[in-house]
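So you can see what is in the structure, the chains are spelled out below.
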Amino acid sequence: MKTAIRGRCLSYRDNPFTAPIKDCLRYEEDGLVVMEGGKITATGAAQELLPKLGETVPVTQYNDALICPGFIDCHVHYPQTEIIGAFGKQLIDWLNNYTFIAEQKFADKEYARAASEVFLKEILRAGTTTATVFCTVHPESVDAFFEQSAKINMRNIAGKVLMDRHAPAALTDTAQSGYDQTKRLIEKWHGNGRALYAVTPRFAPTSSEEQMEMTGAVWKEHPGTYLQSHISENKQEIEWAQELFPARKSYVDIYHHYGQLGPRAIYGHGVHFTDEDFRIFSETGTAIAHCPTSNLFLGSGLFKLEQSMTGSAPVRTGFATDLGGGTNFSQLVSMNEAYKIAQLSGFSLGAHKAFYLATRGAATALYLEDIIGSIEPGFEADLTVLDLKATPLLTYRLAYANSLEEQLFALMTLGDDRVAQATYIAGELVYSRNSETAGAFYDF
Ligand code: GUN
Ligand code: ZN
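On a predicted model such as this, the values are computed, not experimentally measured, just so you know.

Trainee: Help me understand the overall build of the chain in this model?
Mentor: When you go through the chain residue by residue, the secondary structure sums to 17 helices and 17 strands. For the C-alpha atoms alone, the extent of the chain along its principal axes is close to 65 × 45 × 40 Å. Within the chain, the fraction of its 444 residues that count as buried is 62%. Element-wise, carbon and sulfur atoms account for 50% of the exposed surface of the chain, whose accessible area totals about 16300 Å². Seen as two clouds, the 38 positive and the 53 negative side-chain charges of the chain have centres 2 Å apart.

Trainee: I tried to follow the packing of aromatic side chains on my own but got confused; where do I start?
Mentor: Geometry of an aromatic ring pair is reported as the spacing of the ring centres plus the angle between the planes. As enumerated under the stated definition, the model contains 23 aromatic pairs in all. Measuring from ring centre to ring centre gives 4.8 Å for Tyr 339 and Phe 409, while their planes differ by 75°; the resulting arrangement is edge-to-face. Of the two residues, Tyr 339 sits in helix α13 (residues 331-344) while Phe 409 sits in helix α17 (residues 404-414), which places them 70 residues apart along the sequence. Positioned over the ring face of Phe 17 is Lys 353, at 5.6 Å from the centre of the ring.

Trainee: Would you take a moment to explain the site of ligand 1 for this structure?
Mentor: Taken together, His 77, Gln 80, Leu 91, Trp 94, Leu 95, Arg 202, Phe 203, His 230, Glu 233, His 269, Leu 298 and Asp 322 make up the full set of residues near ligand 1. Separating an oxygen atom of ligand 1 from a side-chain N or O atom of Arg 202 is a distance of 2.7 Å. Within the contact set of ligand 1, a nitrogen atom lies 2.7 Å away from a side-chain nitrogen or oxygen of Asp 322. The fraction of the free accessible surface of ligand 1 (280 Å²) that becomes covered by protein chains is 100%. Here the shell around ligand 1 gets three residues from one element, more than from any other, and that element is helix α3 (residues 91-102).

Trainee: Got a minute to help me understand the coordination of the zinc ion (ligand 2) in this structure?
Mentor: Geometrically, a metal with four donors at the corners of a regular tetrahedron has ideal angles of 109.5 degrees, and one with six donors at the corners of a regular octahedron has ideal angles of 90 or 180 degrees. Distances from the zinc ion (ligand 2) to its protein donors, namely His 75 (NE2), His 77 (NE2), His 230 (NE2) and Asp 322 (OD), fall within the range 2.1 Å. Taken together, the four donor atoms coordinating the zinc ion (ligand 2) and their angles of 93 to 161° define a geometry best described as irregular. Here the donor residues for the zinc ion (ligand 2) map to a single chain with the spacing H-x1-H-x152-H-x91-D. With a gap of 245 residues between them, His 77 in strand β5 (residues 71-77) and Asp 322 in the loop between β13 (316-319) and α13 connect regions that are remote in the sequence. On the basis of relative accessibility, which here comes to 4%, the residue Asp 322 falls in the buried class.

Trainee: How do you make sense of the nonpolar core when you look at a structure like this?
Mentor: Soluble globular proteins tend to pack their nonpolar side chains together in the buried interior. Counting residues in each nonpolar core, the largest one holds 111 residues, and the members touching the most others are Tyr 78, Phe 119, Leu 349 and Phe 355. Beyond its immediate stretch of four places on either side in the chain, Leu 349 contacts Phe 17, Leu 305, Phe 319, Met 335, Ala 338, Tyr 339, Ala 342, Ala 354, Phe 409 and Met 412. Formed by 17 residues, the second largest nonpolar core is a distinct cluster that contains Ala 289, Ala 320, Ala 365 and Ile 372.

Trainee: Would you mind showing me how to read a nonpolar patch on the surface here?
Mentor: A cluster of nonpolar side chains, Leu 296, Leu 302 and Leu 344, forms an exposed patch at the surface whose accessible area comes to about 280 Å². Mapped onto the elements of the fold, Leu 344 is located in helix α13. By relative accessible area, which is 65% here, Leu 344 ends up exposed.

Trainee: For this particular structure, what's the right way to read the packing of helix α5 (residues 139-151) against helix α6 (residues 175-189)?
Mentor: When two helices pack together, you describe them by how their axes are tilted relative to each other and by the distance separating the axes. The N-to-C vectors of α5 and α6 enclose an angle of 15°; their axes lie 11 Å apart at closest approach. Between α5 and α6, the interaxial angle falls into the category roughly parallel. Viewed along their axes, α5 and α6 form a crossing whose handedness is right-handed. Note on element contacts: α6 touches α5 through Gln 181, Leu 185, Lys 188 and Trp 189, opposite Pro 139, Val 142, Asp 143, Phe 146 and Glu 147. Tallied by class, residues from the contact of α5 with α6 come to five nonpolar, one polar and three charged.

Trainee: How should the sheet that holds strand β16 (residues 428-432) be read in this particular structure?
Mentor: Remark on secondary structure: sheet strands pair via backbone hydrogen bonds, oriented parallel or antiparallel. Reading across from one edge, β3-β2-β1-β4-β14-β15-β16-β17 is the order of the eight strands in this open sheet, with mixed pairing throughout. Each end of this open sheet is capped by a strand with a single partner; those strands are β3 (39-45) and β17 (440-441). Of the strand pairs in this sheet, strand β4 (residues 59-69) and strand β14 (residues 383-387) are connected by five bridges, and their pairing is antiparallel. Counterpart to Cys 68 in the pairing with β14 is Thr 384. Lying over the sheet, α17 contacts β1 (3-12), β2 (25-36), β4 and β14, oriented at roughly 95° with respect to β1.

Trainee: Just checking my understanding: could you explain the side chain of Thr 284 for this structure?
Mentor: Note that Thr 284 resides in helix α10 (residues 275-284). Reaching out from Thr 284, the side chain makes a polar contact with the backbone oxygen of Phe 281 at a distance of 3.3 Å. One polar contact links Thr 284 to Thr 286, side chain to side chain, over a distance of 2.7 Å.

Trainee: Any chance you could explain the state of the cysteines here in plain terms?
Mentor: Here, disulfide denotes a covalent bond that connects the sulfur atoms of two cysteines. On inspection of all chains with the given rule, the structure shows zero disulfides. With no disulfide of its own, Cys 24 has Cys 68 as its nearest cysteine by sulfur position, at a separation of 16 Å. Residue Cys 291 stays outside any disulfide, its sulfur separated by 8.5 Å from that of Cys 74, the closest cysteine.

Thresholds, definitions, all that
Within any chain, residue numbers begin from 1 and follow the written order of that chain's sequence. Key to labels: chains lettered from A, ligands numbered from 1, both in the order written. Two thresholds apply to this predicted model, a pLDDT of at least 70 for residue-level local features and 80 or more for giving and counting side-chain atom pairs, whereas whole-chain, interface and lining totals are computed over all residues. Computation of side-chain values: all heavy atoms of the structure, hydrogens and water removed. Strands here are runs of E lasting at least two residues and helices are runs of H or I lasting at least four, both read from the DSSP assignment and numbered beginning at the N terminus. Accessible area is worked out with a 1.4 Å probe on protein chains only. A residue is then buried under 20% of its type maximum, exposed over 50%, and partly exposed in between. Areas reported here follow the Shrake-Rupley algorithm with a probe of radius 1.4 Å; residue values treat only the protein chains shown as occluding. Neither His nor the chain ends is counted toward charge; the positive residues are Lys and Arg and the negative residues Asp and Glu. Lys charges are placed at NZ, Arg charges at CZ, Asp charges at CG and Glu charges at CD. Only Phe, Tyr and Trp rings are paired, with Trp represented by its six-membered ring, and only when their centres lie within 6.5 Å; those with planes under 30 degrees apart are stacked, over 60 edge-to-face, the remainder tilted. Note on geometry: a ring has a charge over it if NZ (lysine) or CZ (arginine) is within 6 Å of the ring centre and within 35 degrees of the ring normal. Any residue with a non-hydrogen atom lying within 4 Å of a molecule or strand is treated as near it. N or O atoms within 3.5 Å of each other form a polar contact, as long as, within protein, one can give a hydrogen and the other can take it, and as long as residues adjacent in sequence are counted only when both atoms are side-chain atoms. Note on donors: an N, O or S atom is included if it sits within 2.8 Å of the metal, or within 3.2 Å for Na, K and Ca, and water is never included, so sites can look incomplete. Only four donors with every angle between 85 and 135 degrees are called tetrahedral; only four or six donors with opposite donors over 155 degrees apart and all others between 65 and 115 are called square planar or octahedral, in that order; all others are irregular. The criterion is simple. A nonpolar core is a set of buried Ala, Val, Leu, Ile, Met, Phe, Trp, Tyr and Cys residues joined through side-chain atoms within 4.5 Å. Residue contacts are defined here by distance: any two heavy atoms, one from each residue, within 4.5 Å place the two residues in contact. Patch membership needs two things, relative accessible area over 30% and no salt bridge, and members are linked within 9 Å if like-charged or within 5 Å if nonpolar (Val, Leu, Ile, Met, Phe, Trp, Tyr). The term salt bridge refers to a pairing of a side-chain nitrogen on Lys or Arg with a carboxyl oxygen on Asp or Glu at a separation within 4 Å. Convention adopted: a line fitted to C-alpha atoms gives each axis, helices being fitted over their contacting stretch, and angles between N-to-C directions are expressed from 0 to 180 degrees. Just so you know how the angles are binned, under 35 degrees is roughly parallel, over 145 roughly antiparallel, 65 to 115 roughly perpendicular, and the rest oblique. Each helix crossing is assigned a hand: it is left-handed if the near helix lies turned anticlockwise from the far helix by less than a right angle, otherwise right-handed if that turn is clockwise. Note on residue categories: nonpolar means Ala, Val, Leu, Ile, Met, Phe, Trp, Tyr, Cys or Pro, charged means Asp, Glu, Lys or Arg, and polar means any other residue, Gly included. Two strands are counted as paired when DSSP detects at least two bridges linking them. Pairs of cysteine sulfur atoms within 2.5 Å are identified as disulfides in what follows.

Now the structure itself:
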């Protein structure tokens, strides 16, 4: 069925880090987005499009709101939702004390199904419409996730964690079983509806050389699939990785050696990247998921966003929450914290650039910039509607904002999931904060 939504519309056609903002911005003060068959079929000024629309097409009007492409979270762990905000030390202790305990429960498919539902509702509540997701080592955790995701027709990317050492026995596979299970899951899920599969080695320290070999092989054997992992997050982790793979020149070189870099490979963090690391990622077309709230919460360090986006070796970069290391599902909060990280690094991240990194930039990191992340005809109709009067303080502050960029900046500084008013997946309203039952999800 053809439907439309009307209001202020914002999206990006190009990268504002490298192109003038006037060439990037697609903004309509009174815009219309027409949707049919899961896609955006037309968009532009409401005055121009409404006369051609046909009187029977329902139009939902959003006042005091901003219609944006749905946010994209490039790196997140659904099984860690239950340990968000766990007090502790840094990465390795946090993994051992919380993560590896929680993830053991996901051998139980019903447990995994319930947790997937909580996770998906939380991301929709935050206005996120696509996520790149770590499941656990258990194939059941992947089935449960994709089955729930399919119910709401979401374009999510996910995969079974591969780990054959340095983790509790209940969380390890073997090089062979990891390979076999990954292959089976790819055949079952990659391209099944909107699902996409990511081969998911947790990080080099938890995979043997044999598993690293077979991981590179299974990814190569299935063109079009993704590969996701972690890299250079924490100083202790970097030293450990280098000790475990002494023949390799650097942490990046480990993944490079085992055939795990290239288009559709996306790595969380890269906090401590050297110029050479950026160069290899840039040349191979490998992407970085920048995880601001996680990097601050786990005390990992300050990611070099300016270098990643505008240095001599630019890398496809998108924002991510990395929850449960990250502390909020809202990409508005990621923007806010990314701004502060950049400030401490001598770079002031403007609002358009921040919104880009949570939408089209993130889609570019995932090589999906031709189908999601922008409001353009032919794109998939995944949208979020942000309420510019979500809180009394936001309402008050925005009254004093003199331009779109000032408004966006206040929104990313003050906003969180309270701002996401409605979330559309493939043209369907799946979450509406203002429905009769507050926080209602449709057809879940
Ligand atoms: N490195 C390896 N595993 C993890 C994880 O689950 N979270 C984070 N933040 N870093 C990791
Ligand atoms: Zn992570």
